[in-house]
Amino acid sequence: MSRSATLFENAQQHIPGGVNSPVRAFAGVGGTPLFFKHAEGAYVVDEDDKRYVDYIGSWGPMILGHGHPEVLDAVRNQLQHGLSYGAPTALEVEMADLVSQLVPSMEMLRMVSSGTEATMSAIRLARGYTGRDSIIKFEGCYHGHSDSLLVKAGSGALTLGVPSSPGVPAAFAQHTLTLPYNDLAAIEQCLKEKGEEIACIIIEPVAGNMNCIPPQEGFHQGLRKLCDEHGVVLIFDEVMTGFRVSLGGAQGHYGITPDLSTFGKVIGGGMPVGCFGGKKEIMSHIAPLGPVYQAGTLSGNPLAMAAGLATLKLVSQPGFHDKLDSYAKRLLAGLQERADAAGIPFTTTQVGGMFGLFFTDNKDIRNFEDAVACDVERFKKFFHLMLDGGVYLAPSAFEAGFVSAAMGETELQITLDAAEKAFKALA
Ligand SMILES: Cc1ncc(COP(=O)(O)O)c(C=O)c1O
Ligand SMILES: NCC(=O)CCC(=O)O
């Protein structure tokens, strides 16, 4: 028995499903989850000493690759000064200044400890600001696991077949309206009927929790316009896309100014961090400036700020995102070529350092329905064949993949060699 299998057996004694987050459980692909003991650069190393090229990157944060020396130094340096003060720090001010410089719509912002907290707080703020109760989200988008947002959700909820979770009171869920992604007509219709009840629309500006689905041309522009017409707060959930699809996130990439945005993952460089912010006029409603309450014992934690700041400075270097984009493009072109050669119906999507792999003939994937219509069984086999070949993809057909700046020719070759074998085996 492998060490991972033994650990998994032991883990299940006292940890539900053996994991501290459901997406880690391999429920969507079958088999035993890998337990890791080390990560460095483009690789993760499991408890049985096998190395994998890592396309998960801790579900997004590790955009530099693992253990970047400058990030580790920043954490070590802060470590000598204490772990947490529960009081303001200069690091937080530096973080706020840097984020608002990199993402100009973030006129004011608050740090929290996870993406879930960021979206939950942004929604409370939008409700408090507008005095309206209902929100709109999109089918297959995942915004963390707060009650209002676990309705037709993507990611692990979708993988496990429970997009709308038990435990969320119907009275909460009824205030969450869900619409298909990339469908402006549906939004227009809904706002026409219920615009005055809608506090906000929250969207993953590139959907990454039902596989990876980019917005259609003009979708965000139309969304922005409709929100303005109906006094609805537009929230870009950039927890996944932030500092990844471009330095300015998806809003920078598509040239849209949301009212509020949420960040997580990259902004913490691998530490538990989230952030929400936006228009000063709206953010001024947050306590203690305004009446909408929001708080956190570890919010703005100095170690986390140190890791996040070091990461944001490194991703700000000229050419950083071009390099991610070019690796991703070569990766996907290589995969497509090998799938085509083996006669496997296969489609890819990509925005910057974020990508999707679909086992389907459909070359125009627009929404949840298209994502779930793909051949999930084939993906499962592909996932395990890639794992055998030393490549760690997200263990679900409904997750985006991530490239890191630590990836180069060697990793590309390992991945494409594994894929060539995998596609042949699937044919
Ligand atoms: C778009 C998006 N929003 C929010 C979240 C929630 O973040 P966290 O897991 O840090 O709570 C995630 C991922 O988990 C995400 O992908
Ligand atoms: N794309 C899905 C996530 O990032 C979630 C990670 C988790 O829930 O552990």
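Sequence order as written defines the numbering, with residues in each chain counted from 1. Key to labels: chains lettered from A, ligands numbered from 1, both in the order written. Only residues with pLDDT of at least 70 are given local features in this predicted model, and only at 80 or more are side-chain atom pairs given and counted; all residues enter the totals for whole chains, interfaces and linings.

The protein goes by Glutamate-1-semialdehyde 2,1-aminomutase in an unreviewed UniProt entry, where it is assigned to Thiopseudomonas denitrificans. UniProt positions are given in the numbering used here, feature names are shortened, and annotations may be inferred rather than shown by experiment. Turning to the protein, the UniProt record has this under Catalytic activity (unreviewed entry): "(S)-4-amino-5-oxopentanoate = 5-aminolevulinate". UniProt, in its Subunit (unreviewed entry) section for the protein, records the words "Homodimer."

Peer 1: So what exactly am I meant to see when it comes to the overall build of the protein here?
Peer 2: Starting at the N terminus, helices and strands are each numbered in turn, a helix being any DSSP run of H or I of at least four residues and a strand any DSSP run of E of at least two. Helix and strand counts for the protein come out as 15 helices and 14 strands. Here the globule rule reads 2.2 Å times residues to the power 0.38, and the radius of gyration is calculated from C-alpha atoms. Here the C-alpha atoms of the protein give a radius of gyration of 21 Å, agreeing with the 22 Å that 2.2 N^0.38 yields for 427 residues. Expressed as lengths along the three principal axes of its C-alpha atoms, the size of the protein is roughly 60 × 55 × 45 Å. For the protein, the share of sequence-separated contacts (at least 6 apart) that also reach a separation of at least 24 residues comes to 74%. Note on contacts: each residue gets a C-beta atom placed from the backbone, and two residues are in contact if those atoms are within 7 Å.

Peer 1: Looking at this structure, I do not really get the site of ligand 2. What am I missing?
Peer 2: A residue counts as near a molecule or strand when its C-beta atom, positioned from the backbone, falls within 6 Å of it. The local shell around ligand 2 consists of Ser-21, Val-23, Trp-59, Gly-60, Ser-155, Gly-156, Asn-209 and Glu-399. Gly falls in the polar group here, along with every residue not listed as nonpolar (Ala, Val, Leu, Ile, Met, Phe, Trp, Tyr, Cys, Pro) or charged (Asp, Glu, Lys, Arg). A class-by-class count of the residues in the shell around ligand 2 yields 2 nonpolar, 5 polar and 1 charged. Both domains that meet at the shell around ligand 2, namely domain 1 (3–67 + 318–426) and domain 2 (69–315), each give it at least three residues. For the domain bounds, the source is a domain assignment made automatically or taken from a database.

Peer 1: Can you walk me through the environment of Gly-390 in this structure?
Peer 2: With respect to the element layout, Gly-390 can be found in the loop between helix H14 (376–388) and strand E13 (391–392). When the C-alpha atoms of Gly-390 and Thr-415 are compared, they prove to be 7.8 Å apart, with 25 residues separating the residues in sequence. With sequence-adjacent residues up to four places away left out, Gly-390 is seen in contact with Arg-51, Tyr-52, Val-53, Ile-414 and Ala-418.

Peer 1: Would you mind going over the sheet that holds strand E2 (residues 43–46) with me for this structure?
Peer 2: The strands making up a sheet associate through backbone hydrogen bonding, with each pair oriented either parallel or antiparallel. Two strands pair if DSSP finds at least two bridges between them. Overall, mixed pairing links the 4 strands, which are arranged E1-E2-E3-E13 in an open sheet. Two strands in the sheet have a free side with no partner beyond their single neighbour: strand E1 (36–40) and E13. Pairing of E1 with E2, which is carried by 4 bridges, proceeds in the antiparallel orientation. Opposite His-38, over in E2, you have Val-45 as the bridge partner.

Peer 1: What is the right way to read the packing of H14 against helix H15 (residues 409–426) from this model?
Peer 2: Any two packed helices are characterised by how steeply their axes cross, that is the angle between the axes, and by the distance between the axes. In this description, a line fitted to the C-alpha atoms serves as the axis of each element, helices being fitted only across the stretch in contact, and the angle between N-to-C directions of two axes falls anywhere from 0 to 180 degrees. Axis separation between H14 and H15 bottoms out at 9 Å; the angle between their running directions is 140 degrees. Viewed along their axes, H14 and H15 adopt a mutual orientation that is oblique. By crossing handedness, the relation of H14 to H15 is classed as right-handed. Across the interface between the two elements, Arg-378, Lys-381, Phe-382, Leu-385 and Met-386 from H14 touch Ala-418, Ala-419, Lys-421, Ala-422, Ala-425 and Leu-426 from H15. Its residues assigned to classes, the contact of H14 with H15 shows 8 nonpolar, no polar and 3 charged. When describing relative orientation, an angle under 35 degrees is termed roughly parallel and one over 145 degrees roughly antiparallel, while 65 to 115 degrees is termed roughly perpendicular and anything else oblique. Two helices cross in a left-handed way if the nearer one is turned anticlockwise from the farther one by less than a right angle. They cross in a right-handed way if the turn is clockwise.

Peer 1: How should the domain arrangement of the protein be read in this particular structure?
Peer 2: Frequently, the measure chosen for interface size is the accessible area that the parts lose on association. Domains assigned within the protein are domain 1 (3–67 + 318–426) and domain 2 (69–315). Computed from C-alpha atoms alone, the centre-to-centre distance between domain 1 and domain 2 is 25 Å. With 32 residues of domain 1 at the contact, the number on the domain 2 side is 38 residues. When residues of the side of domain 1 that touches domain 2 are assigned to their parent elements, the largest contribution, 4 residues, is made by strand E12 (residues 354–358). Residue classes in the side of domain 1 that touches domain 2 are distributed as 19 nonpolar, 11 polar and 2 charged.

Peer 1: Sorry if this is basic, but what is going on with the UniProt feature "modified residue: N6-(pyridoxal phosphate)lysine" (unreviewed entry) in the protein here?
Peer 2: The positions that UniProt labels "modified residue: N6-(pyridoxal phosphate)lysine" (unreviewed entry) are, in the present scheme, Lys-265. Residue placement: Lys-265 occurs in the loop between strand E9 (260–263) and strand E10 (274–278). Field definition: a residue is buried when 20 or more other C-beta atoms are found within 10 Å of its C-beta, exposed when 12 or fewer are, and partly exposed for counts in between, with C-beta atoms placed from the backbone. Overall, the presence of 27 C-beta atoms within 10 Å leaves Lys-265 in the buried class. Apart from the residues within four sequence positions on either side, Lys-265 is in contact with Trp-59, Gly-60, Pro-61, Gly-115, Val-239 and Met-240.

Peer 1: Please explain the site of ligand 1 as it appears in this structure.
Peer 2: Residues in close proximity to ligand 1 total 15 residues, the closest being Ser-114, Gly-115, Thr-116, Gly-144 and Val-239. Counting residues per element, the shell around ligand 1 draws most heavily on helix H4 (residues 115–130), at 3 residues. A class-by-class count of the residues in the shell around ligand 1 yields 3 nonpolar, 10 polar and 2 charged.

Peer 1: Looking at this structure, I do not really get the sheet that holds strand E8 (residues 233–237). What am I missing?
Peer 2: If you trace the 7 strands from one edge of the open sheet to the other, you get E4-E10-E9-E8-E7-E5-E6, paired in mixed fashion. Of all strands in the sheet, those bounded by a partner on one side alone are strand E4 (108–112) and strand E6 (176–179). Taken pair by pair, the neighbouring strands of this sheet meet at an average axis angle of 20 degrees, ignoring direction. Relative to E10, E4 runs antiparallel, the two being bridged by 5 bridges. Directly across from Leu-109, in E10, lies its bridge partner Gly-277. Against the sheet, helix H7 (residues 184–194) engages strand E5 (134–138), E6 and strand E7 (198–203), with an angle of about 150 degrees to E6.

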